[in-house]
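Structural features, examined
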Amino acid sequence: MSQKIQLALGQMEAGQTGTIIQVLGGRGLIRRLDALGIRPGKKVTKISSALFRGPVTLRTNQTQVAIGFGMANKILVEIDIST
Amino acid sequence: MKILLMGNPNVGKSVLFSRLTGTRTVASNYPGTTVEFIKGYLKLGEENAEIIDVPGTYTLEPTSKAEDVAAEMMKEGDLVINVVDATNLERNLNLTLQLLERPVPVVVALNMWDDTHHRGINIDTVKLEELLGVPVIPTVGVTGQGIRELVRRLPEAATPQVTYASSDERWAKIGDTVSQVQSLSHRHHTWRDVLEDLSNHPAGGAAFALLVLAATFFVIRFIGEGIIGYVTDPLFNWLWTPLLMKLSLALGSGGFWHDILIGKLINGEIDYFQSFGLLSTGIYIPLVAVLPYIIAFYFMLGILEDVGYLPRLAVLMDTVLHRLGLHGYAIIPTILGFGCNVPAVMATRILESRRERFIAATLISIGIPCAALQAMIIGLVGQQGIQYVAIVYGSLFASWIIIGLILNRAVKGFSPELIIEIPPYRFPPWRVVGEKLWLRVFSFIKEALPIVLGTVLVVNILYILGVFDFIANIAAPVLTGLLGLPKETVVALSIGFLRKDIAVGMLAPLALTAKQLVISTTVLAMVFPCVATFVILARELGARDMLKATGIMIAAALIVGGLQNLIL
């Protein structure tokens, strides 16, 4: 059985992969992330997050990008959990 | 004809530029190096075409300062060479498709071609060329492979002018293209993956960073001391000293010209730290004592840059730097500051807000000693024991943190969040590391040597005129009362405005105690930047903010020096 759940990128565990559903935020943020290939429909893997709400490192395709904790929480991701 | 070299940050654009033009340029493995664009020339048949290295950009719809510049420059080009990272086709094609919408002919250079093999990526370039409608040439900037082919096919540049209604539509086309031309095969876990995993891990990354920075420091010291002890100092004593002694005799071992050119003889000998003549100390300090450290520092910096470590350090330092009103990116100008504060203050331009630039520039001027100053501190204070050097560095670091915390509260505004691409680790291209090292060392010699000589000359003349006695008497209360220093140190402290390395050198003959040396070098490092940095601060921040920054520096230096005097 698999179950789909939605959560913010910031709340994902390191190593988890999911699909971006939506970027909540202003046009500016959406455009900046879009230019880096971070946009709805993309598979994204959270690689790590720094301590104390530091930046979150993620990977889409072959690109690794680090973004601030606040930004990471504006990216809504759907992940599959097999039970 | 004007040819624009455009592409995402960190795709090897600058290396390709230096291959095309043959000019030496500074290329680095982190975004933001070329906010100021670089120009060069390429001979195309009869014509001498102008090539411009446009700042790296992800999109033509600008989202940052560097991208604004890129979008503006786009309007003036006659031809665009779009540099694409072959290992990262999908994201790079976003810019490519945007370029193909414009009425400018485009050629695509599929750079980092050699890397695709290691990464198990196969790209059908013929098919890609067909789908894009413009020439696609695989290149390897580091080795020069494909450059000739690229130049040969420039005339074939095409203008498909296919437009897309929305960003989604464009991405759909990209997805389609990539699936048609690219196939991935299995690859093994490499040393790079292991290192990348380690430096991404929060705790492992911090330990790794400490290891890297400690290793960097020791290698710099090892190379610096090695060159001084085995090359520059022996060479100088063997070739230069006998000549100077002859000149000294010819000038009658004293008198006006002797004092200016050779300086005072100490026990009948030339002492390069104390004699203080143009041809003795004036040449010895920059070329023998400081140059080896400049070489060592920029060698290590070049490697760290081109391996791709600095963006990782930026991520790691982000949390700390946010407390100081900055974000992770600010680590790049800060690290440059350990070489020279001038390019460091210039590099604060990569920071987004005026507030960040002010805080970063002020903190660099206060807490980050340049390589020339450090070489002298290690040389002079180090004679008293390494623990005293540690006290100087510790005081500077503590001031950097505390003043940052204060500025973060005092200056209105907030620090924006970090967003930075983390490039894969790459072997540093030695050609680029070598060229960059040469460029930086040469500019040190060219810019520092005249100022050092000028400073020594001014010092000697002011000394002969008795100006220093006058200043020393005025400043005596502050110096002796607050800082516990003899009044003669004022001369060195004020000369710090011209050159800090010379200023530390002037402390040598004063026979200071270890404590006094610690205080005077710390104050010297903090109190104000050298004149070159001063000019750049004024240019980058404006006169008002520069004066504010200077006020902060003077206050901070007196407080820290006073505290050291009380505690030590």
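Parameters at a glance
Residues numbered from 1 in each chain as written. Chains lettered and ligands numbered in written order. Predicted model: local features only at pLDDT ≥ 70, side-chain atom pairs only at ≥ 80, totals over all residues. Helix = DSSP H or I, 4+ residues; strand = E, 2+ residues; numbered from the N terminus. Buried ≥ 20, exposed ≤ 12 C-beta atoms within 10 Å, placed from the backbone. Contact = placed C-beta atoms within 7 Å. Pairing = 2+ DSSP bridges. Axes fitted to C-alpha atoms, helices over the stretch in contact; angles between N-to-C directions. Left-handed = near helix turned anticlockwise from the far one by under 90°. Nonpolar A, V, L, I, M, F, W, Y, C, P; charged D, E, K, R; others polar. Domains from an automatic or database assignment.

Our next topic: the overall build of chain A. The secondary structure content of chain A amounts to 2 helices and 6 strands. Counting helices and strands in the order they occur from the N terminus, chain A gives β-β-α-β-β-β-α-β. In terms of principal-axis extent, the alpha carbons of chain A reach across some 40 × 25 × 25 Å. Of all 83 residues assigned to chain A, the portion counted as buried reaches 42%. Sequence-distant contacts in chain A: of pairs separated by 6 or more residues, those separated by 24 or more amount to 61%.

Residues and elements named next belong to chain A. Sheet analysis places strand 1 (residues 2-8) next to strand 6 (residues 75-82), joined by 7 bridges and oriented antiparallel. Within strand 6, the residue paired with glutamine 3 across the bridge is isoleucine 81. Taken together, the 4 bridges between strand 2 (residues 17-23) and strand 6 define a ladder with antiparallel strand orientation. Residue glutamine 22 lies in a different strand from strand 6, and its bridge partner there is leucine 76.

All names here are of chain B. The N-to-C vectors of helix 9 (residues 202-250) and helix 11 (residues 281-307) enclose an angle of 145°; their axes lie 9 Å apart at closest approach. Where helix 9 crosses over helix 11, the two elements pack in a sense that is right-handed. Split into classes, the residues belonging to the contact of helix 9 with helix 11 amount to 19 nonpolar, 3 polar and 1 charged.

All names here are of chain B. As for its position among the elements, valine 411 is in the loop between helix 17 (386-410) and strand 9 (419-422). Each C-alpha atom, one on valine 411 and one on isoleucine 359, is 8.4 Å from the other, the two residues being 52 residues apart in sequence. With residues near it in sequence (within four places) discarded, valine 411 still touches Gly325, Arg355, Phe358 and Ile359.

Looking now at the interface of chain A and chain B. Chain A puts 26 residues into the contact, and the matching count from chain B is 25 residues. Taken together, the residues of the side of chain A that touches chain B break down into 11 nonpolar, 11 polar and 4 charged. Relative to strand 9 of chain B, strand 5 (residues 63-67) of chain A runs antiparallel, the two sharing 4 bridges. Within strand 9 of chain B, the position partnered with glutamine 64 of chain A by the bridge is isoleucine 422 of chain B.

The next point concerns the domain arrangement of chain B. When the domains of chain B are assigned, the result is domain 1 (2-184) and domain 2 (202-420 + 441-567). On a C-alpha basis, the centres of domain 1 of chain B and domain 2 of chain B stand 41 Å from each other.

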